[in-house]
Amino acid sequence: MNRNGIHHVTAIAGNARRNVEFYTRTLGLRLVKKTVNFDDPGTYHFYYGDEVGSPGTILTFFPWDHVAPGRLGIGETQETAFRVPEASIGYWTHRFTDKGVAYQAPVKRFGQSVLSFKDPHGMRLALVGVPGVENEPAWLGADVPAEHAIRGFHSVNLLLAEAAPTGAILTDVLGFREVGREGSLVRFQAEGSDAGGQMGSIVDIHEAGGFLPARMGGGSVHHIAFRAADDAAEFEMVRKLQENHGIRTTEQKDRNYFRSVYFREPGHVLFEIATDIPGFAADEPVAHLGEALKLPDFLESRRANIEAVLPDVA
Ligand code: ZN
């Protein structure tokens, strides 16, 4: 079993209720955790994913009602892509038309169909048609038929001045290898994943040279987390970052559902390394994931105050 790849992607949204509606109803993902930003507990932190919140399926948001929109530029994630069955791209273009979602005509990238679209707060997303994924399990909590449902992440696309410095971190530390080039794109794939690509197994670097730097805001990706099987695997990556690349991470932080370190990679994107353990069933049963507001122990004593300032999203 491949244990490398994307663990989760965290982005900035506007209105919380609108965010929940879009990801659960329009895209048909499961809200697997409703908690707060541990570093700013007056703000929600929503996690969407598959039934159990498997690594490689998890998209998370900090929703801020009056956030200024971000501006695309160098040193950030340009697009976050999900996997859908190859034959489902037509279904999704119709669904987006019906629901008023802004999308572009599908294009081919590395031989696969890519349908780019935006969420209500300007986040750049895509669906990539992948043969064979219709045989993988899907979350069926929404009205998206099983044969068309999203099966986790396909990839992230990083917009960077140059590919090589970030590529070195992906290949030496995070378990990826370069597998192809197309135009200004360099594709990296997690070691041990097949060509079809397991969930979250691809990182594309869009090498753009000189261009305006990104300005983070609504619709921007805040950081990308990569998988480590456990603490030992994570600390080995931390050691390599420091010894081979002179990059120091933060100390390990306990995020309740995984344990993480953070660092700024050479292309200026914020990266995280997150353990696969313990996962989202750590504090509520799988059957009821995402239903109640969950708080880490150190915030439980403040629950009444926190609940009073959070908007109702039910
Ligand atoms: Zn994170």
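Residues numbered from 1 in each chain as written. Predicted model: local features only at pLDDT ≥ 70, side-chain atom pairs only at ≥ 80, totals over all residues. Heavy atoms only, no water.

1. Digging into the nonpolar core
Thought 1: Counting 65 residues, the largest nonpolar core has Y23, L27, L127 and L174 as its most contacted members.
Thought 2: Beyond its immediate chain neighbours, meaning those up to four positions away, L174 contacts N4, I169, F226, M237, F271 and I273. (Core = buried A, V, L, I, M, F, W, Y, C linked by side-chain atoms within 4.5 Å. Buried < 20%, exposed > 50% of the residue type's maximum accessible area, 1.4 Å probe, protein only. Contact = heavy atoms within 4.5 Å.)

2. Points about the UniProt feature "domain: VOC" (unreviewed entry) in the chain
Thought 1: In the numbering adopted here, UniProt assigns the feature "domain: VOC" (unreviewed entry) to residues 5-130 and 152-276.
Thought 2: When the span residues 5-130 is considered, its composition is 17% helix and 47% strand, and the gap between its end C-alpha atoms is 17 Å. (UniProt positions renumbered as here; feature names shortened; annotations may be inferred. Helix = DSSP H or I, 4+ residues; strand = E, 2+ residues; numbered from the N terminus.)

3. Focus: the coordination of the zinc ion
Thought 1: Looking at the zinc ion, one finds its protein donor set to be H8 (NE2), H223 (NE2) and E272 (OE), positioned 2.0 Å from the metal centre.
Thought 2: Here the donor residues of the zinc ion are spaced in sequence according to H-x214-H-x48-E. Highlighted residues: H8 in strand β1 (residues 6-13) and E272 in strand β16 (residues 270-275), separated in sequence by 264 residues. Exposure class is identical for H8 and E272. Each is buried. (Donors = N, O, S within 2.8 Å, 3.2 Å for Na, K, Ca; no water.)

4. Details of unusual backbone geometry
Most peptide bonds adopt trans geometry, and most residues besides glycine take a negative phi value.
Thought 1: Residue I277 is joined to P278 through a cis peptide bond whose omega torsion reads 5°.
Thought 2: Even without being glycine, F110 reaches a positive phi, approximately 50°.
Thought 3: Examined against the element boundaries, F110 turns out to sit in the loop between β6 (107-109) and β7 (112-118).

5. Thoughts on the side chain of S220
Thought 1: Within the secondary structure, S220 sits in the loop between β12 (202-207) and β13 (221-228).
Thought 2: Here S220 falls in the buried class, since its relative accessible area comes to 3%.
Thought 3: Within the structure, the side chain of S220 is placed 2.9 Å from the backbone nitrogen of G217, a separation counted as a polar contact.
Thought 4: Look past the residues within four positions of S220 in its chain and what remains in contact with it is A11, I12, G70, E76 and R215. (Polar contact = N/O pair within 3.5 Å; in protein donor to acceptor, adjacent residues only side chain to side chain.)

6. Examining the sheet that holds strand β8 (residues 124-130)
Thought 1: Taken in spatial order, the 8 strands of this open sheet run β6-β7-β8-β5-β9-β12-β11-β10, and their pairing is mixed. Two strands close off the open sheet at either side, each with one partner strand: β6 and β10 (176-182). Pairs of neighbouring strands in the sheet enclose a mean axial angle of 30°, with direction left out of account.
Thought 2: As defined by bridge partners, strand β11 (residues 185-190) adjoins β12 across 5 bridges and the pair is classed as antiparallel. Bridging from a neighbouring strand, Q189 pairs with I202 of β12.
Thought 3: Contacts between helix α2 (residues 89-99) and the sheet are confined to β5 (76-85), β7 and β8, with β7 contributing the most and set at about 15° to the helix.
Thought 4: Helix α3 (residues 164-172) rests against β9 (153-160), β10, β11 and β12 of the sheet, and its axis sits at about 170° to β12. (Pairing = 2+ DSSP bridges. Axes fitted to C-alpha atoms, helices over the stretch in contact; angles between N-to-C directions.)

7. Considering the packing of α3 against helix α4 (residues 231-245)
Thought 1: Two elements in contact, α3 and α4, have axes whose closest approach is 10 Å; the angle formed by their N-to-C orientations is 135°. With respect to α4, the element α3 is oriented oblique. At the point where α3 passes α4, the crossing takes the right-handed sense. Where α3 abuts α4, its residues A168, I169 and D172 lie against K240, L241, N244 and H245. (Parallel < 35°, antiparallel > 145°, perpendicular 65-115°, else oblique. Left-handed = near helix turned anticlockwise from the far one by under 90°.)

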